[in-house]
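Structural overview for review
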Amino acid sequence: MSEPLVIIGNGMAATKLCEELGACGLGRYSVAVVGAEPGLAYNRVLLSDVLAGKLPATDLEMKPASWWAKQGVTLLYGTPAASIDRESRAVVLADGRRLPFSRLVLATGSHPIRLPLPGADLPGVTTFRDLADVSALLAAAKPGVRAVVIGGGLLGLEAAIGLAGAGVATTLVHLMDRLMERQLDATAADMLRQAVEARGVTVRLQAHSAAIEGESRVTGLRLADGEVLPADLVVMACGVRPNADLARATGLTCNRGVVVDDHLATSDPAIFALGECAEHRGMAYGLVAPAYEQARVLARHLAGKPAAYPGSVVSTNLKVSGVPVFSAGDISGEGAEDIVLRDRAHGIYRRLFIRDGVLAGAVLFGDTADGLYFLDLITNRTPIAPLRAALAFGRPALAA
């Protein structure tokens, strides 16, 4: 008889876990997936394309209903989990239903960060995290509307580019001196700024948000120096924090996220966590690729096969107005040598960071075709001495 397995969260991580379980452990578990959002799992990475009008929302769907049925998964979406009864081994839903489990997986994702600014509760202030946010922004994106996006990381760029693509006069404000400061060096970040501005987004760096102006609704964003940027919309896209609410409430060990071991098990051996809500070896990843790696490991572990998660090398891919950007590994430059290739005429830039004879990090702008090659070198700690002379030019022809 199949064991009851409940997955809380109906996003990309949960979908990948069900896919991997189907490949290596189909039939072992009777799987129920609980989702708070009122529809099938969708690809959050493409939300900015929906906002810009490049894709209909229906194209974001990860898997059709027929796929879930074929996997034998019971979907309970639109009804969030309210609590976990660890003693009775049951998930309690918001409508009072109880789902028994022998194994439980938390795939609850992240909360968008909302800055505690005066006026943050005014109508017209929103986040950029899910389809409901996009629907609200699309409804507000009328001719003549002015928007200010707070945050110059991946989320902020996606929101600003999407709004500009929808015809909204958009200003992006960022506290730091460059965009995507965690993923890009100064040169690549400046090239990215120029590409964003070419799409019609005004970029304001080293701009500290102080308050949101308005009475009955938002009218502007006031900066710390007193300047007010007029706005009919203010979008907070300053990052995310792991959604560990249920885990904390039920007494599981949590730091920033739900603490898991190399098998993705929490402090309760019957409960697991993966994706953006999980914290492994002090790292809470806010990206899709680590969640997929965790899903593969957890599926094998749940299927009774040997598997362990060693952690992930973080990489970021972004396309701005057709200009690709790639970043992977440690780009701090501390204790590292660097190799730089710059082709100004073609807008191509590559900077590779070498430490202890291996590639430690890479930043690519304008041509990211070799991104996965560099990521593989970083992940496997491949000695690069034989490759060094031509490394900046990418994958050797014989290795293609």
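The structure this text deals with has already been given above.
The structure contained in this document is the topic of the report that follows.

Let's talk about the sheet that holds strand E4 (residues 81-85)
The strand order across the open sheet formed by 3 strands is E4-E5-E6, and the pairing between neighbours is antiparallel. At either end of the open sheet lies a strand with only one pairing partner, and these are E4 and strand E6 (98-100). In this sheet, neighbouring strand axes are inclined to one another by 20° on average, regardless of whether the strands run parallel or antiparallel. In this sheet, strand E5 (residues 90-93) lies alongside E4 in antiparallel orientation, the contact comprising 4 bridges. Within E5, the position partnered with isoleucine 84 by the bridge is valine 91.

Considering the pattern of salt bridges
Going through the model one piece at a time under the given rule, you end up with 21 salt bridges. Between glutamate 19 and lysine 16 there is a salt bridge, with the nearest N and O atoms lying 3.7 Å from each other. In this pair, glutamate 19 and lysine 16 both sit in helix H1 (residues 12-24), 3 residues apart, roughly one turn of the helix. Judged by relative accessible area, glutamate 19 falls into the partly exposed class, the value being 31%. Since its relative accessible area comes to 15%, lysine 16 is described here as buried. Taking the shortest distance from any N to any O, the salt bridge between lysine 63 and glutamate 19 comes out at 3.5 Å. Highlighted residues: lysine 63 in the loop between helix H2 (47-51) and helix H3 (65-70) and glutamate 19 in helix H1, separated in sequence by 44 residues.

Observations concerning the nonpolar core
Core analysis: the largest hydrophobic core is formed by 55 residues, its most contacted members being Ile7, Ile8, Leu17, Val91, Leu104, Val105 and Leu106. The residues touching leucine 106, leaving out its near neighbours within four places in the chain, are Ile8, Ile84, Ala247, Leu252, Val258, Ile271, Phe272, Ala273, Leu274 and Cys277. In terms of nonpolar packing, the next biggest core, distinct from the first, is built from 43 residues, Ala189, Leu192, Val196 and Val363 among them.

Quick word on the sheet that holds strand E16 (residues 233-236)
Spatial strand order, E9-E16-E10-E11-E12: 5 strands in an open sheet with parallel pairing. Only two strands of the sheet have a single neighbouring strand rather than two, namely strand E9 (125-127) and strand E12 (201-204). Across the sheet, the mean angle separating the axes of adjacent strands is 25° when strand polarity is ignored. Lying on the sheet, helix H4 (residues 131-140) is in contact with E9 and E16; it crosses E9 at an angle near 140°.

Definitions and limits used
Residue positions are counted from 1 within each chain, in the order its sequence is given. Local features are withheld for residues below a pLDDT of 70 in this predicted model, meaning they are given only at 70 or higher, and side-chain atom pairs are given and counted only at 80 or more; totals for whole chains, interfaces and linings count all residues. Excluding hydrogens and water, the side-chain values take into account all heavy atoms of the structure. A pair of strands is labelled paired if DSSP reports no fewer than 2 bridges between them. Numbering of helices and strands starts at the N terminus; helices are DSSP runs of H or I of at least 4 residues and strands are runs of E of at least 2. Orientation is described by lines fitted to C-alpha atoms, with helices fitted over the stretch in contact, and by angles between N-to-C directions that extend from 0 to 180 degrees. The salt bridge criterion pairs a side-chain nitrogen of Lys or Arg with a carboxyl oxygen of Asp or Glu, the two atoms within 4 Å. For every residue, the accessible area (1.4 Å probe, protein chains only) is compared with the maximum for its type, and the residue is labelled buried under 20%, exposed over 50%, or partly exposed between those bounds. Only buried residues count toward a nonpolar core, which is a set of Ala, Val, Leu, Ile, Met, Phe, Trp, Tyr and Cys residues joined through side-chain atoms within 4.5 Å. Here a residue-residue contact requires only that any non-hydrogen atoms of the pair lie within 4.5 Å.

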